[in-house]
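Here's the letter readout for the chains.
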Amino acid sequence: MADIISLDHLSVTFPQGKETSIKAVDDITLHVAKGDIFGVVGYSGAGKSTLVRTINLLQKPSSGTVKVVGKTLFADGQTAISKKELQTTRRQIGMIFQHFNLLNENTVLDNVMFALKHSPLSDEEVEQKSLKLLDLVGLKDKADNYPVQLSGGEQQRVAIARALANDPEILISDEATSALDPRNTNQILDLLKDLNQKLGLTIVLITHEMDAVKRVANKIAVMQNGRIVEQGKLLDVYLRPKTKLARQFVGGSLAAIETLRAFDLGKLGPDEELFQVVFSAQTVTKSVILDLYKQLGVDVSMLYGNIEVLGSQPVGTMFILVKGTPAQLQQVPELLKGGHVEVTKIDDRGIWND
């Protein structure tokens, strides 16, 4: 799938006084394919919002290249298209935020119609389109209500409908669920995933909450101090995080880390080996311990086990201690690797430690 967003060697520097500056975004390269739900996670101050604002040049980069929907917007230290072209491109990028930014004195319908005030459509066509968008987000029956009469989740739905008014190819969600309770958060995330599937909408999800990314994203980037420290497919990053920060965001793996530290990998006996076993949705119920005992005759203990739902797919991970002869231990990975099971040997260096 072709990239719809390409950020290459992007940096954003803010001057602080005459001789100092802060680099909010530091030499980031990030490519988002059309149809992705791409999660960008990191703690406050990581540079996530600054990065996302460069996509539509609401924040002008200091250096690097920005290419969106096939157009180069920024290169060689300057904007690469005219103001008119930039305005047209921005209509292809919808944005929703933590604060809904609705017009409280206007009805729900008027709030959506406001986004189409410069549209060539007739007044009747604008109203009908806005009603269809409200229907799409499940709020057509609230068209005549005012924002104050809605729940937080409903107000965010209105904001989403408004963001879709100009038929964008990209929707940027900048901490859009941060102000919502867990129930409304999940409903909004499910709506975004539904829109991604129905409309082919590419979504960039900026958040500090890993649970949000796990629920809907297919790819992820982890940011710290203005840099991307890890990125890739959600499953790969979640199950095999390479950096300390990524491990802090993936709850299941964090629990595994603490378990392994308590176990002390340095005390493995010569006839013992530790393995991480990852199950896909097809084999999440596979009985690893029983299979190994029956086929190899080895002793197997489970030190840690967990099942997570990633993008609606159940994925299991466990750490098992296997005791047997060298010949038996050598056969363990090959025996398990078939049938959508991935096996990694954990040696006494402790790959989960820095």
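Residues numbered from 1 in each chain as written. Predicted model: local features only at pLDDT ≥ 70, side-chain atom pairs only at ≥ 80, totals over all residues. Heavy atoms only, no water.

1. Things to note about the sheet that holds strand S5 (residues 71-75)
- Strand order in the open sheet formed by five strands is S2-S1-S4-S5-S6, and the pairing between neighbours is antiparallel. For this open sheet the edge positions go to strand S2 (20-33) and strand S6 (78-79), each flanked by a neighbour on one side alone.
- Bridge count between strand S1 (residues 3-16) and strand S4 (residues 63-68): five bridges; the pairing is antiparallel. Among the inter-strand pairings, Ser6 is bridged to a residue of S4, identified as Lys67. (Pairing = 2+ DSSP bridges. Helix = DSSP H or I, 4+ residues; strand = E, 2+ residues; numbered from the N terminus.)

2. A word on the nonpolar core
- In terms of nonpolar packing, the biggest core is built from 52 residues, with Ile96, Leu134, Ile160, Leu192, Val213, Ile220 and Val222 touching the most fellow members.
- Residue contacts for Leu134: discarding those within four places in its chain leaves Val108, Leu109, Val112, Leu139, Lys140, Ala143 and Ala161.
- Formed by 32 residues, the second largest nonpolar core is a distinct cluster that contains Leu7, Leu30, Val40 and Ile55. (Core = buried A, V, L, I, M, F, W, Y, C linked by side-chain atoms within 4.5 Å. Buried < 20%, exposed > 50% of the residue type's maximum accessible area, 1.4 Å probe, protein only. Contact = heavy atoms within 4.5 Å.)

3. Some points on the pattern of salt bridges
- Throughout the structure, instances matching the rule amount to 11 salt bridges.
- Ionic pairing is found between Arg227 and Asp26, a salt bridge with its closest N-O pair at 3.2 Å. With Arg227 in strand S11 (residues 227-233) and Asp26 in strand S2, this pair connects stretches of sequence that are 201 residues apart.
- Ionic pairing is found between Asp194 and Lys198, a salt bridge with its closest N-O pair at 3.2 Å. Remark: Lys198 and Asp194 occur in helix H6 (residues 182-199); sequence separation between them is four residues, near one turn of the helix.
- Judged by relative accessible area, which is 26%, Asp194 ranks as partly exposed.
- Given the relative accessible area of 55%, Lys198 is considered exposed.
- The structure contains a network of salt bridges with shared partners spanning Lys23, Asp26 and Arg227. (Salt bridge = Lys/Arg side-chain N within 4 Å of Asp/Glu carboxyl O.)

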